[in-house]
Amino acid sequence: MRNFAQYPPDVPVNCSGSIAKQICPQSCSGDLMIVRTRFAPSPTGVLHLGSVRTALFCWLYARHHGGNFILRIEDTDRQRSTDENVEAILEGMAWLGLDWDEGPFYQSRRFDRYQEVVEQWLQDGKAYHCYCSKAETDALREQQMAAGDRVRYDGRCRDLRKPRSGVDPVVRFRNPLEGEVVVNDKVRGTVVFENAQLDDLIIARSDGSPTYNFSVIVDDYDMGITHVIRGDDHLNNTPRQMNMLAALGAEPPEYAHLPMILGADRAKLSKRHGAVDIRDYEEQGYLPAAMLNYLVRLGWSHGDQEIFSVGEMISVFDIADVNQSASSFNPEKLRWINQQHIMAKPAKELGQALLPYLLKAGLDPARGPNPSDVAAAFHERAETLTQMAASARYCYENFTVIEANAAKKNLRPVVLEPLQAVRERLAALPEWTKEGIAAAIEETAASFNLNLGKIGQPIRVAVTGGAVSPPIDVTVWLVGQERTIRRLDHALELIAERAAAND
RNA sequence: GCUCCCUUCGUCUAGUGGUUAGGACGCUGCCCUCUCACGGCGGUAACAGGGGUUCGAAUCCCCUAGGGAGUACCA
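Residues numbered from 1 in each chain as written. Chains lettered and ligands numbered in written order. Predicted model: local features only at pLDDT ≥ 70, side-chain atom pairs only at ≥ 80, totals over all residues. Heavy atoms only, no water.

(A) Seen up close, the overall build of chain A. What chain A contains, in helices and strands, is 21 helices and twelve strands. For chain A, the spread of C-alpha atoms along the principal axes amounts to about 105 × 55 × 40 Å. When the 503 residues of chain A are sorted by exposure, 49% land in the buried category. For chain A, the share of sequence-separated contacts (at least 6 apart) that also reach a separation of at least 24 residues comes to 76%. Here chain A contributes 55 positively and 67 negatively charged side chains, and the mean placements of these two sets differ by 3 Å. (Helix = DSSP H or I, 4+ residues; strand = E, 2+ residues; numbered from the N terminus. Buried < 20%, exposed > 50% of the residue type's maximum accessible area, 1.4 Å probe, protein only. Contact = heavy atoms within 4.5 Å. Lys, Arg positive; Asp, Glu negative; His and termini not counted. Charge placed at Lys NZ, Arg CZ, Asp CG, Glu CD.)

Take a look at the structure:
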């Protein structure tokens, strides 16, 4: 366990020049520090698309600059944080390959440190006890709302001399009353906030536990975070955090506030829009790299390029190319990108990736072709691995019925003879190779003066039970000799029955 | 209510004062073709509105409208 009190560790946070230049593999000019980013999810929910995109940008930025990526679990709300959610976050990150250099750190284990700062601030007059009850502040809010005023705590306990007895006070930060806070955001530009608009926020609850805005700044400070990259729902928190950082005597980090990701209907992303939990996408057969590729293009672009490997993303990613407007999640494009990644993946690796999906589909890989051969045959015709496993079912398992329309259209008495002939040729093949199979089918077609389609499609239906499959030679090859012959025989019987019925 | 942010094809985006406003997904036509895909060549469709500044605005400024976030003893 790392000793947090020791933070920042012996890292040159303000090194000027040589070390940073040596370390940054992109030889980015003007770097004055070693980049340290953090992803700080709260385990009050699972890892969803929006948070993954945030994590990705933090990770890319750190990796691009040869810096460190830190994972911090913000679980100060003990009621709503769960171990299951922590697990979901860790699993999601692992699946995506978003590896962290330090952590995961849990805020719940740092309460002593927060308490220490609170005490210090109380002593220094940077914070004060507030004895207002919830009812009291609620009433104040309503009153202000009704009067059309800005809604904020009015600081009535700011200069209280004596404690009120019988109430456990909260601790509030003494925010400056005047002046302004200027945020130089890497994506928003300069954003100015008036201190008069801010109020004295609560930093410790009446039970002593720290609140979000406060624990964030002591952690960001202790952990030497140089770049805070987060969702733009935090932009409004930034001036408060900067004021507190100043109270701590710290220089503020660089800030970059990312636009939100919305659902296809421009509403906040929710269950209605499909999967929320990132792990659902794994379940559905998406490749992690494709997921990252899709997400990186939401709010960021690099010219006209759409497809990026993870390595490419790292090398070209720059906060300066992040745009300012919210984007909405588009499942069709995700599927297309997944397909592009499936096509680009070497058959062997793709076969590896496919394996668990075959198992999940209830198929036994031992009872059929090598998954990498299946992957090679299907990689151009599957948008997800789940789909691919489903399409390859006939390679591993016998089907009970032939698709009605396909049978009706293709298994007709006219093909009885050619099909019989091809069956014999295939049965006679000494070696089961794609070339041999292709030759057998072509020769049969030629001998009956048929084009390939006239015989290929009936074979396809007989062998797969449907009208769609990879090229016929490949399909037959994957199904295997024994099974092919058996299925052709079965089709032949059906055709014969049909012919008899027609007589 | 108040504070802050955002606004280019349906969607993701390029664009930083002069472009026939480009690309991608989707949809669609044709080609390739043993099916399905992949691929190739086309088509469809956008600068929220109004004022300025300028010889010239998607690009700069102002206003309006619409969307979003925050305004918690949530994060």
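(B) Region of interest: the pattern of salt bridges. What the rule picks out here adds up to 33 salt bridges. Residue Arg156 pairs with Asp154 through a salt bridge whose shortest N-O separation is 3.1 Å. Its relative accessible area of 38% is what places Asp154 among the partly exposed residues. With its nearest N and O atoms 3.0 Å apart, the salt bridge here joins Glu306 to Lys333. Placement of Glu306 in the loop between helix H9 (288–296) and helix H10 (310–316) and of Lys333 in helix H11 (residues 331–344) is noted, with a sequence separation of 27 residues between them. In this structure Glu306 comes out as partly exposed when scored by relative accessible area, which is 24%. Classification of Lys333 by relative accessible area gives partly exposed; the value is 29%. (Salt bridge = Lys/Arg side-chain N within 4 Å of Asp/Glu carboxyl O.)

(C) Summary view of the protein's contact with RNA strand B. Close to RNA strand B lie 62 residues; Arg80, Arg188, Arg205, Gly299 and Glu380 are nearest. Taking all atoms of RNA strand B within 4 Å of the protein, the share assigned to sugar and phosphate is 68%. Between RNA strand B and Arg141, the relevant distance is 2.5 Å, taken from a phosphate oxygen to a side-chain nitrogen or oxygen of the residue. Measuring from a sugar or linking oxygen of RNA strand B, one finds a backbone N or O atom of Arg297 at 2.9 Å. Contributions of two or more residues to the surface near RNA strand B are made by helix H5 (134–146), strand S7 (189–194), helix H6 (212–222), strand S12 (327–328), H11 and helix H19 (452–464). It is H11 that contributes the most residues to the surface near RNA strand B, six residues altogether. (Near = heavy atom within 4 Å. Polar contact = N/O pair within 3.5 Å; in protein donor to acceptor, adjacent residues only side chain to side chain.)

(D) Molecular detail of the sheet that holds strand S8 (residues 202–204). Across the sheet, which stays open at both edges, the three strands sit in the order S4-S5-S8 with antiparallel pairing between neighbours. Edge positions in the sheet fall to strand S4 (127–130) and S8, since each of these pairs with one other strand and no more. On average, each strand axis in the sheet is inclined to that of its neighbour by 45 degrees, with strand direction left out of account. Alignment of strand S5 (residues 170–173) against S8, held across two bridges, turns out to be antiparallel. Looking at S8, one finds that Val171 is bridged to Ala204. (Pairing = 2+ DSSP bridges. Axes fitted to C-alpha atoms, helices over the stretch in contact; angles between N-to-C directions.)

(E) Geometry of the packing of helix H12 (residues 347–360) against helix H13 (residues 371–378). Where H12 contacts H13, the two axes come as close as 7 Å, and the packing angle between them is 105 degrees. Judged by the inter-axis angle, H12 sits roughly perpendicular to H13. Residues Ala347, Lys348, Leu350, Gly351, Leu354, Leu355 and Leu358 of H12 pack against Pro371, Ser372, Val374, Ala375 and Ala376 of H13. (Parallel < 35°, antiparallel > 145°, perpendicular 65-115°, else oblique.)

(F) Just the environment of His48, in detail. Relative to the helices and strands, His48 resides in the loop between strand S1 (36–39) and helix H2 (49–64). Using a relative accessible area of 33% as the deciding quantity, one classes His48 as partly exposed.

(G) Quick look at the pairing of strand S9 (residues 227–231). Counting buried residues along S9, five of its five residues qualify, which places the element largely inside the surrounding structure. Bridging between S9 and strand S10 (residues 254–258) involves five bridges; their strand directions are parallel. Its bridge partner lying in S10, Gly231 is registered against Leu258. What joins S9 to S10 is helix H7 (residues 238–247), and the crossover it makes is right-handed. (Right-handed = clockwise from strand over helix to strand, strands pointing away.)

(H) Looking closely at the state of the cysteines. Considering all chains together, one arrives at zero disulfides under this definition. There is no disulfide at Cys130, and the cysteine sulfur nearest it, in Cys157, is 3.7 Å away. The class for Cys130 is buried, based on a relative accessible area of 1%. (Disulfide = S-S within 2.5 Å.)

(I) Molecular detail of the packing of aromatic side chains. The tally for this structure, following the rule as stated, stands at ten aromatic pairs. Linked through ring pairs, Phe111, Tyr114, Trp121, Phe173 and Phe214 together constitute an aromatic cluster. Across the ring face of Phe57, the terminal group of Arg53 is positioned such that the distance to the ring centre comes to 5.1 Å. (Phe/Tyr/Trp six-rings, centres within 6.5 Å; stacked < 30°, edge-to-face > 60°. Lys NZ or Arg CZ within 6 Å of the ring centre and 35° of its normal.)

(J) A look at the side chain of Thr211. Tracing the backbone through its elements, the reader meets Thr211 in the loop between S8 and H6. Judged by relative accessible area, Thr211 falls into the buried class, the value being 12%.

(K) Representation of the environment of Cys395 in the model. Structurally, Cys395 can be placed in helix H15 (residues 393–396). Spatially, the C-alpha atom of Cys395 lies 67 Å from that of Arg152, the residues being 243 residues apart in sequence. Setting aside residues up to four positions removed in sequence, Cys395 forms contacts with Arg367, Gly368, Pro369, Leu478 and Arg483.

(L) Inspection of helix H20 (residues 472–479) at higher detail. For H20, the buried fraction is high: six of the eight residues fall into the buried class. Along H20, the residues classified as buried are Ile472, Val474, Thr475, Val476, Leu478 and Val479. Those residues of H20 that are buried are in contact with H13, H15, helix H17 (416–428), helix H18 (434–447), H19 and helix H21 (481–502). Following H20 by one or two positions, Gly480 adopts a phi angle in the positive range, close to 95 degrees.

(M) Focus on the packing of H6 against H7. Running from N to C, H6 and H7 point in directions that differ by 55 degrees, and their axes come no closer than 9 Å. Between H6 and H7, the angle falls in the class oblique. Crossing of H6 against H7: the hand is right-handed. Note on element contacts: H7 touches H6 through Gln241, Met244 and Leu245, opposite Tyr212, Asn213, Phe214, Val216, Ile217 and Tyr221. (Left-handed = near helix turned anticlockwise from the far one by under 90°.)

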